[in-house]
Amino acid sequence: MNISPQQAADALRDIELTESHSRQLHQYQSGSSILFLWGVIWMIGYGVTGYSHKALIWIPLSVIGMLATFMLSRKFRHHYTPADWKVRGRKFGLSWVVIFAFISSVYAVMQPHNPNVFAAFPALMVAFSYGIAGALFLPRYLWLGIAVFALTLTGFFYVADGYNYWMAVVGGGALMLGGLWLRKA
Amino acid sequence: MQPDEIIHQTLRLKIMSALRGSGDAEPLDFTRLKAIVEATDGNLGSHLATLENAGYVTIEKDFVGKKPRTRISMTKAGRAAFLRHVAYLREVLEGVEESA
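Being a predicted model, the structure only gives us computed values, none of them experimental.

Student: Quick question: what am I supposed to make of the overall build of chain A here?
Tutor: If you tally the helices and strands in chain A, you get six helices and zero strands. Seen in sequence order, chain A has helices and strands lined up from the N terminus as α-α-α-α-α-α. Seen through its principal axes, chain A has C-alpha atoms that stretch 75 × 35 × 30 Å. Here chain A holds 185 residues, and 37% of them are scored as buried. Residue pairs in contact within chain A that sit at least 24 positions apart in sequence constitute 66% of those at least 6 positions apart. Accessible area for chain A stands at about 10,800 Å²; split by element, carbon and sulfur atoms hold 70% of it. Taken together, the 13 basic and 6 acidic charged side chains of chain A have centroids lying 14 Å from each other.

Student: Any chance you could explain the nonpolar core here in plain terms?
Tutor: General note: in soluble globular proteins, nonpolar side chains tend to be found buried as a group. Ranked by size, the top nonpolar core spans 56 residues in total, and within it W42 of chain A together with I15, M16, L33, V37, L44 and L89 of chain B carry the most contacts. Not counting residues up to four positions away in its chain, the partners in contact with L44 of chain B are L11, I15, F30, L33, K34, V37 and A39 of chain B. Core analysis: the second largest hydrophobic core is formed by five residues, I103, V106, Y107 and M125 of chain A among them.

Student: Explanation requested: the interface of chain B and chain A in the structure shown.
Tutor: Bring the parts together and some accessible area is lost; that lost area is often taken as the interface size. Tallying the contact residues gives 25 residues for chain B and 23 residues for chain A. The contact between chain B and chain A buries some 2,100 Å² in all, and 70% of this surface belongs to carbon and sulfur atoms. Interface area lost by chain B to chain A is led by G21, R32 and I36 of chain B, which between them contribute 25%. Between chain B and chain A we count zero salt bridges in total. Looking at which element gives the most residues to the side of chain B that touches chain A, the answer is helix α5 (residues 76-99) of chain B, with nine residues. A per-class count over the side of chain B that touches chain A returns twelve nonpolar, seven polar and six charged.

Student: Looking at this structure, I do not really get the pairing of strand β2 (residues 57-64) of chain B. What am I missing?
Tutor: In summary, the side chains of a regular strand alternate between the two faces of the sheet. Note that β2 of chain B and strand β3 (residues 67-74) of chain B share eight bridges and pair antiparallel. The partner of D62 of chain B across the bridge, within β3 of chain B, is R69 of chain B.

Student: Which parts of the structure should I look at to understand the packing of aromatic side chains?
Tutor: In this description, a pair of aromatic rings is defined by centroid distance and the angle of the planes. Residues and elements named next belong to chain A. Per the counting criterion, the structure on display carries 13 aromatic pairs over all chains. Ring geometry for W42 against Y46: centres 5.6 Å apart, planes inclined by 80°, an arrangement best described as edge-to-face. Note that W42 and Y46 are positioned in helix α1 (residues 5-52) at a spacing of four residues, about one turn of the helix. Of the residues examined, W42 reaches a relative accessible area of 5% and is grouped as buried. Here Y46 falls in the buried class, since its relative accessible area comes to 4%. With a centroid separation of 5.2 Å and 90° between ring planes, the pair formed by F156 and F157 is classed as edge-to-face. By relative accessible area, F156 is classed as partly exposed at 22%.

Student: Honestly, the packing of helix α5 (residues 139-158) of chain A against helix α6 (residues 163-183) of chain A in this entry has me stumped. Any pointers?
Tutor: Two measures define how a pair of helices packs: the angle their axes make with one another and the distance between the axes. Residue and element names in this part refer to chain A. Closest axis-to-axis distance for the α5/α6 pair is 10 Å, and the angle between their directions is 170°. The orientation of α5 relative to α6 falls into the category roughly antiparallel. Crossing geometry of α5 relative to α6 is assigned as right-handed. Taken together, the residues of α6 that come into contact with α5 (itself represented by R140, Y141, W143, L144, V148, L151, T152, T154, G155 and F156) are Y163, W166, M167, V170, A174, L175, G178, W181 and L182.

Student: Please explain unusual backbone geometry as it appears in this structure.
Tutor: Note: most peptide bonds trans; most residues except glycine with negative phi. All names here are of chain A. With phi around 60°, H53 is a residue other than glycine that occupies positive phi space. When you line up the elements, H53 lands in the loop between α1 and α2 (58-72). What makes H53 exposed here is its relative accessible area of 69%. In this structure, Q111 is a non-glycine residue whose phi angle is positive, near 45°. Topologically, Q111 is positioned in the loop between α3 (82-110) and α4 (115-136).

Student: I keep staring at the environment of M167 of chain A and nothing clicks. Help me out?
Tutor: Residues and elements named next belong to chain A. Examined against the element boundaries, M167 turns out to sit in helix α6. For the pair formed by M167 and A120, sequence separation is 47 residues and the distance between their alpha carbons is 8.5 Å. Those residues in contact with M167, other than ones at most four positions away along the chain, are W42, Y46, A123, T152 and G172.

Student: Is there a simple way to think about the packing of α4 of chain A against α6 of chain A in this case?
Tutor: Residue and element names in this part refer to chain A. Axis separation between α4 and α6 bottoms out at 10 Å; the angle between their running directions is 15°. The angle between α4 and α6 places the two elements in the roughly parallel class. Judged by the twist between their axes, the crossing of α4 over α6 is left-handed. Along the contact surface, α4 presents N116, A119, A120, A123 and Y130, while α6 presents Y163, N164, M167 and L175. Of the residues contributing to the contact of α4 with α6, the split by class is seven nonpolar, two polar and no charged.

Scoring rules and cut-offs
- Per chain, residues are indexed from 1 in the order of the written sequence.
- Note on labels: chains are lettered from A, ligands numbered from 1, in written order.
- Only residues with pLDDT of 70 or above have their local features reported here, since the model is predicted, and side-chain atom pairs are shown and tallied only from 80 upward, although totals for entire chains, interfaces and linings are computed over all residues.
- Calculated side-chain values reflect all of the structure's heavy atoms, with hydrogen atoms and water omitted.
- Starting at the N terminus, helices and strands are each numbered in turn, a helix being any DSSP run of H or I of at least four residues and a strand any DSSP run of E of at least two.
- Any residue under 20% of the maximum accessible area for its type is buried, any over 50% is exposed, and the rest in between are partly exposed; the area is computed with a 1.4 Å probe on protein chains only.
- By the convention used here, residues are in contact when the closest approach between their heavy atoms is within 4.5 Å.
- Per-residue accessibility takes into account occlusion by the displayed protein chains alone, with areas from the Shrake-Rupley method and a 1.4 Å probe.
- Charged residues are defined narrowly, with Lys and Arg counted positive, Asp and Glu counted negative, and His plus the chain ends left uncounted.
- For the purpose of locating charges, the reference atoms are NZ of Lys, CZ of Arg, CG of Asp and CD of Glu.
- Definition of nonpolar core: a set of buried residues of the types Ala, Val, Leu, Ile, Met, Phe, Trp, Tyr and Cys, connected through side-chain atoms within 4.5 Å.
- Buried area is calculated as the accessible area (1.4 Å probe) missing from two parts once they are joined, with the contributions of both summed.
- Whenever a carboxyl oxygen of Asp or Glu lies within 4 Å of a side-chain nitrogen of Lys or Arg, that contact is scored as a salt bridge.
- Under the scheme applied here, ten amino acids are nonpolar (Ala, Val, Leu, Ile, Met, Phe, Trp, Tyr, Cys and Pro), four are charged (Asp, Glu, Lys and Arg), and all others, including Gly, are polar.
- Each pair of strands is called paired provided DSSP finds at least two bridges between the two strands.
- Two rings belonging to Phe, Tyr or Trp (six-membered ring only in the last case) form a pair when the distance between their centres is within 6.5 Å. Interplanar angles under 30 degrees mark stacking, angles over 60 mark edge-to-face geometry, and anything in between is tilted.
- Lines fitted to C-alpha atoms define the axes, with helix axes restricted to the stretch in contact, and inter-axis angles between N-to-C directions lie between 0 and 180 degrees.
- Roughly parallel covers angles under 35 degrees, roughly antiparallel covers those over 145, roughly perpendicular covers 65 to 115, and oblique covers all other angles.
- Handedness of a helix crossing follows the sense of rotation of the near helix relative to the far helix, less than a right angle counterclockwise being left-handed and clockwise being right-handed.

This is the structure in structure tokens:
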């Protein structure tokens with residue numbers, strides 16, 4: 001069997017396209033459970049904050065969310081060697097520290113007096129992250145980012161009094177629906 | 001280095017690429033695989049049988065509730081054969097680039 005250079009080039013292009021399409025669908029599948037999980041966390045977190053006017057619930061919820069996200073992302077483990085996976089675990093932990101440090105620093109510098117600002121800012125951060133991930137790698141995340149931006153800002157400007165409840169039901173619900181949408185990809 | 005005649009057929013090459021893309025050992029649902037490689041049920045089934053006979057993939061059939069499910073995974077031998085074939089294809093291309 002002889003394969004010409006043109007046939008080899010065509011075959012390599014087919015391999016590249018099919019592999020990347022398959023990898024993208026696999027990433028959507030794995031991301032869907034994580035998105036659904038954070039939808040539930042938002043519902044609980046914003047719901048409890050709206051009811052009690054205390055935001056301390058976010059500390060245990062964030063820790064649970066972070067640990068659960070790491071466990072769910074173990075689906076990707078077979079893509080890496082055990083040593084690489086350890087490094088990824090450390091980077092994952094470090095990136096959460098950076099996120100918390102960034103959000104806390106912004107609060108410390110801006111010193112918002114409106115509690116809705118405290119509630120809106122992490123959601124806008126999430127929308128920003130999804131938007132960037134979608135623009136660079138996985139297009140469906142761009143739409144998720146746009147949806148979270150739009151819902152967060154709509155609630156902030158038009159539903160001021162029940163903002164936490166808005167974010168619990170509409171924001172959390174949007175993430176859960178987004179998770180199901182990714183699963184269908 | 002020689003090409004792998006089983007893998008080189010267009011649809012079988014796509015099947016192996018799709019399995020590799022979803023993470024080698026991770027089983028891929030028949031329906032999802034069909035959508036990725038854009039094949040009909042019959043065509044996909046017959047090419048999967050060829051790959052299974054060569055020991056390149058395993059096909060598991062079970063039920064989720066009352067719904068039948070077919071999942072396909074790449075074997076270690078399949079992964080090795082696929083990587084050898086890709087290396088061969090690159091060699092063919094590099095040979096042309098070097099002589100040019």
